[in-house]
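# Residue-level structure breakdown
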Amino acid sequence: MSRIPPNLLYLTIYNPTLRPLGPVADDDEDAEEQAHILFYTSKERAVSRDRMLRQVGLAKALVNFSDMFNGLDTCNNVHSQSKRLIMVSPEPDFWIHAGVEVAKMPRTPPDKGKIKAKDKPKANEKGKEKQLDNAPLYDYQEGSVHDLALRADILRGYEQFKLTHGSFTSILSSIGQEGLELQLERFFTVWAWSWNLEDGAQFGDHLGIPLHPSIRSLGPTLDTYSQQLPDHALTIFIQPPYVAPSPQYSAANLPTSLIRHLLSLIPPTPLMSEDISHDGTIRNRRASDGDAPNGKDPPKGLSTSSFLGMPAVNMNVKWGWPAALTFGKGSSKRPSLEESKLGPGKDKEAGPAPETTAEAVALDHGALEDAMSDDVSREHDSSSTAIDGPSISPPKDMDAEHTIDAPSDSTDKVEDDSHASRTLHDGQSCAEVESASAMFSATVAEPMIPPQLPPTFSHINVHLPSPDDPKITKRQKVYYIINEQNMLALVGLGEESGDSDPGLSQSALILLDDIEALLLAELSKTLTPDQLTLSKILQPTDTHIVSTGQYTISSPNFSTKSGYLYDAEELQKGDPDISEVFSRGLSPQHWHIARRGLGSSAADDHGIRPEEVYLQIFRKEASLSDVDNVLAGVVRRSGLADGAV
């Protein structure tokens, strides 16, 4: 039996204060209710009008009923055995309502042979019993979805729409209801069915954007650079998945959707592969741009993983080449193409060479020099044909030997004396000739790489909320520059400041270089060898995440979907008097802790500061006092108590 993951049933956006745009027929009783609906999409392809109105009407009724008892805390979610109904009001009078089905498992039907005779249905109940037998039975998993995660995902989608299109109120006042419906249809149809509910939400994604681990070192550098910019200009440094805002940017309290949008503009890290040719040249190419030698698509499924940090090497070995894999055996000189055609063990003229002995043999030095010169020239010809890339061929009236030997003073003398041009000059060794040949091959093999222009500022148009009224958005330009995987973004420069200032790009590149040097210095400090013991290696590592309202600081290995942390957060948000939650599982006996109100920032309406800490301890022998000490150490190192973050 396979588990059916949670899925979205329908999503709708409505405003109960809207009225029909045109005249309404007298017999159309539902025209006013239908005018409230701005957007609707469902898992089913065709949904009747009555069913759509019933779903929206149920959501409005639940909200109105909860307002009768508590006008400050409206109904946000409703639980049933198989569904979750989520209601979110991002703006006054606008509601986003979603119906989500929880995960379920098919239940094994009971054995009919074990049913007792007295439990058998009567004759008039057999028809109903057959219908119930045909209906599948499921066991629903209530903990597969969490209300806080669903609500945070819906608000994140709304903030993304608000950033790229504007707020609902601004669009309705500027282009009317029909224009708002059209933009909602284009955006939320794609967003709704790309909403990933199957994998489950990672705890911490809804708490904020991860801050850079070196934020304390980067803060003064960004502050110094921001002082050189015009007034109201804000600076933020982004290195996926981390961000480092300047103090001015943090004080502006801009939406986190802007940072998420900027993160999506940074291209992913390209996977580099080394194409090694047989002549020893190495060319770096992107893995996505590689083509097969025959011009077809490259084979899929090639692994790009590395072993012990060494990059993967793609060796395109030409197995048809002679001496492709000699591994140092045999002659160190590659045989020529003519020799390879004759096969192994055969010579062009005299057959296999006899074995050498220790006895002195009389040699003809003149014949030896002629033979060595002939071999070198043939080797140069064969190596020049193996060069991958554009080749430079000599003129037709010039032989390959003339490209190696020094030019002669008299052309007639070279043409008449062909034997002299094939011999070595006086005092010139074979090594010098081979060196000249290698230099020629290297010159031909090096491709011409065009010079790369330095990166410059680009810009995007976004809609940012007004400081006086968050419902009203204003279109602004955000300038950004990307150098490798680092981005520097500037907000509030104005419409023409970023395009007309040529020195702005140069100063931004200098800042990025300074930041890279600073990060390398910070990394070198952390690479000092530690004295690891067996107990430290086998001991489970505690994980934590600290939220400052917009940003988060977490341990490197923090990754969890624990329902204990979601329940603790929900308890704290439901009751302002709860500041700490300690819970411990049964199997395994892990500790889960949540604490809030630890920072030095301003408190909200309930007198609670937004800073909060979530901690997991995987040591079953840890006591409650040990857990409290670990929590105090996490808060002290994070800098929440002294306001460093």
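Higher on the page you've got the structure.
Here the structure is a predicted model, which means the values were calculated and not measured. (Residues numbered from 1 in each chain as written. Predicted model: local features only at pLDDT ≥ 70, side-chain atom pairs only at ≥ 80, totals over all residues. Heavy atoms only, no water.)

It is worth spelling out the overall build of the protein at this point. The secondary structure content of the protein amounts to 18 helices and 21 strands. When the 645 residues of the protein are sorted by exposure, 33% land in the buried category. Long-range contacts, defined here as pairs at least 24 residues apart, represent 63% of the contacts in the protein between residues at least 6 apart. Split by element, the accessible area of the protein, about 40,600 Å² in all, is 53% carbon and sulfur. (Helix = DSSP H or I, 4+ residues; strand = E, 2+ residues; numbered from the N terminus. Buried < 20%, exposed > 50% of the residue type's maximum accessible area, 1.4 Å probe, protein only. Contact = heavy atoms within 4.5 Å. Areas by Shrake-Rupley, 256 points an atom, 1.4 Å probe, with all protein chains shown as cover.)

Bringing the pairing of strand E20 (residues 591–596) into the picture now. Buried residues dominate E20, accounting for six of its six residues. The pairing of strand E19 (residues 580–584) with E20 spans five bridges and is antiparallel. Considered in E20, the bridge of serine 583 is made with histidine 592. The antiparallel pairing of E19 with E20 creates a hairpin that spans six residues between the two strands. Both E20 and strand E21 (residues 612–617) contribute to a ladder of six bridges, which runs antiparallel. Bridge assignment links arginine 595 to a residue of E21, and that residue is valine 613. (Pairing = 2+ DSSP bridges.)

Two elements in contact, helix H6 (residues 215–226) and helix H15 (residues 503–526), have axes whose closest approach is 11 Å; the angle formed by their N-to-C orientations is 165°. In this view, H6 runs roughly antiparallel relative to H15, as classed from their interaxial angle. Considering the relative orientation of H6 and H15, their crossing is right-handed. In this structure, H6 uses Ser217, Leu218, Thr221, Leu222 and Tyr225 to contact H15, whose residues at the interface are Leu504, Ser507, Ala508, Leu511, Ile515, Leu518, Leu519 and Glu522. Considered class by class, the residues forming the contact of H6 with H15 number nine nonpolar, three polar and one charged. (Axes fitted to C-alpha atoms, helices over the stretch in contact; angles between N-to-C directions. Parallel < 35°, antiparallel > 145°, perpendicular 65-115°, else oblique. Left-handed = near helix turned anticlockwise from the far one by under 90°. Nonpolar A, V, L, I, M, F, W, Y, C, P; charged D, E, K, R; others polar.)

Here the focus is a nonpolar patch on the surface. A contiguous nonpolar surface patch, about 420 Å² in accessible area, is contributed by Phe65, Met68 and Phe69. Assignment of secondary structure puts phenylalanine 69 in the loop between helix H2 (49–67) and strand E3 (77–79). (Patch = residues over 30% accessible without salt bridge, like charges linked within 9 Å, V, L, I, M, F, W, Y side chains within 5 Å. Salt bridge = Lys/Arg side-chain N within 4 Å of Asp/Glu carboxyl O.)

A word on the sheet that holds strand E10 (residues 242–245). Spatial strand order, E10-E9-E16-E15-E14: five strands in an open sheet with antiparallel pairing. Both edges of this open sheet fall to E10 and strand E14 (458–465), since each of them pairs with a single strand only. Strand-to-strand, the axes of this sheet are offset by a mean angle of 25°, without reference to chain direction. This element, helix H4 (residues 147–164), spans E14 and strand E15 (473–483) of the sheet and lies at about 115° to E14. Its contacts with the sheet put H15 on strand E9 (234–239), E15 and strand E16 (486–491), and the angle it makes with E15 is roughly 60°.

Right, let's get into the nonpolar core. Core analysis: the biggest nonpolar cluster contains 28 residues, and Leu11, Phe168, Leu184 and Phe188 have the highest contact counts within it. Breaking this core down by element, the ones donating at least two residues are strand E1 (7–14), strand E2 (37–42), strand E4 (83–91), strand E5 (94–101), H4 and helix H5 (168–192). In terms of residues, this core owes the most to one element, H5, which gives eight residues. Not counting residues within four places of it along the chain, the set of residues in contact with phenylalanine 188 comprises Leu11, Ile13, Phe39, Gly157, Tyr158, Phe161 and Phe168. If you look at the next biggest cluster of nonpolar residues, it comprises 22 residues, including Ile238, Leu258, Ile259 and Met487. (Core = buried A, V, L, I, M, F, W, Y, C linked by side-chain atoms within 4.5 Å.)

This part takes up the pattern of salt bridges. Enumeration according to the criterion identifies nine salt bridges in this entry. Close ionic contact of arginine 51 with glutamate 44 constitutes a salt bridge, the shortest N to O distance being 2.9 Å.

Take the packing of aromatic side chains next. Taken as a whole, this structure holds 14 aromatic pairs when the rule is applied. Judged by centre distance (5.1 Å) and plane angle (70°), the ring pair of phenylalanine 65 and phenylalanine 69 falls under edge-to-face. With a centroid separation of 5.0 Å and 80° between ring planes, the pair formed by phenylalanine 187 and phenylalanine 188 is classed as edge-to-face. Accessibility assignment for this pair places phenylalanine 187 and phenylalanine 188 in one class, buried. Among the aromatic residues, ring-to-ring pairing joins Phe39, Phe94, Tyr158, Phe161, Phe168, Phe187, Phe188, Trp191 and Trp195 into one connected group. The positively charged end of lysine 104 is found above the aromatic ring belonging to tyrosine 138, 4.2 Å away from the centroid. (Phe/Tyr/Trp six-rings, centres within 6.5 Å; stacked < 30°, edge-to-face > 60°. Lys NZ or Arg CZ within 6 Å of the ring centre and 35° of its normal.)

Time to look at the sheet that holds strand E18 (residues 551–554). Where strands meet in a sheet, backbone hydrogen bonds hold them as pairs that are either parallel or antiparallel. The six strands lie next to each other as E8-E18-E17-E21-E20-E19, forming an open sheet whose pairing is mixed. Each edge of the open sheet is held by one strand with a lone partner, namely strand E8 (209–210) and E19. As defined by bridge partners, strand E17 (residues 543–547) adjoins E21 across five bridges and the pair is classed as antiparallel. Bridge pairing in E21 places threonine 543 opposite glutamine 616. Contacts between helix H17 (residues 563–574) and the sheet are confined to E19, E20 and E21, with E20 contributing the most and set at about 30° to the helix.

Now for a negative patch on the surface. A cluster of acidic residues, Glu484, Asp513, Asp514 and Glu516, forms a negative patch on the protein surface. You can see glutamate 484 is positioned in the loop between E15 and E16. (Lys, Arg positive; Asp, Glu negative; His and termini not counted. Charge placed at Lys NZ, Arg CZ, Asp CG, Glu CD.)

A few words now on the environment of serine 554. Looking at where serine 554 falls in the secondary structure, it is placed in strand E18. The class for serine 554 is partly exposed, based on a relative accessible area of 38%. Once the C-alpha coordinates of serine 554 and valine 613 are considered, the two residues, 59 residues apart in sequence, prove to be 9.5 Å apart. Beyond its immediate chain neighbours, meaning those up to four positions away, serine 554 contacts His544 and Ile545.

On to H17. With 12 residues, H17 extends 16 Å from end C-alpha to end C-alpha; this agrees with the ideal 16 Å at 1.5 Å per step. All buried positions along H17 are accounted for by Leu565, Tyr566, Ala568, Glu569 and Gln572. Here the buried residues of H17 occupy an arc of 160° about the axis, which is enough to place them on one side. Packing partners of the buried residues in H17 comprise H4, E19, E20 and E21. The opening residue of H17 is serine 562, an N-cap whose side-chain oxygen sits 3.2 Å from the backbone nitrogen of tyrosine 564. (Expected span 1.5 Å × (residues − 1). Arc of directions from axis to C-beta. Polar contact = N/O pair within 3.5 Å; in protein donor to acceptor, adjacent residues only side chain to side chain.)

Omega for the bond connecting proline 240 with proline 241 falls within 30 degrees of zero, at 0°, which places this linkage in the cis form. Positionally, proline 241 belongs in the loop between E9 and E10. Backbone torsion omega between serine 587 and proline 588 reads 5°, so that peptide bond is classified as cis. The backbone of aspartate 93 shows a phi angle near 75°, a positive value even though the residue is not glycine. Along the chain, aspartate 93 falls in the loop between E4 and E5. Residue classification places aspartate 93 among the partly exposed residues on the basis of a relative accessible area of 42%. Even without being glycine, asparagine 253 reaches a positive phi, approximately 55°. For asparagine 253, the position within the fold is in the loop between helix H7 (247–252) and helix H8 (256–265).

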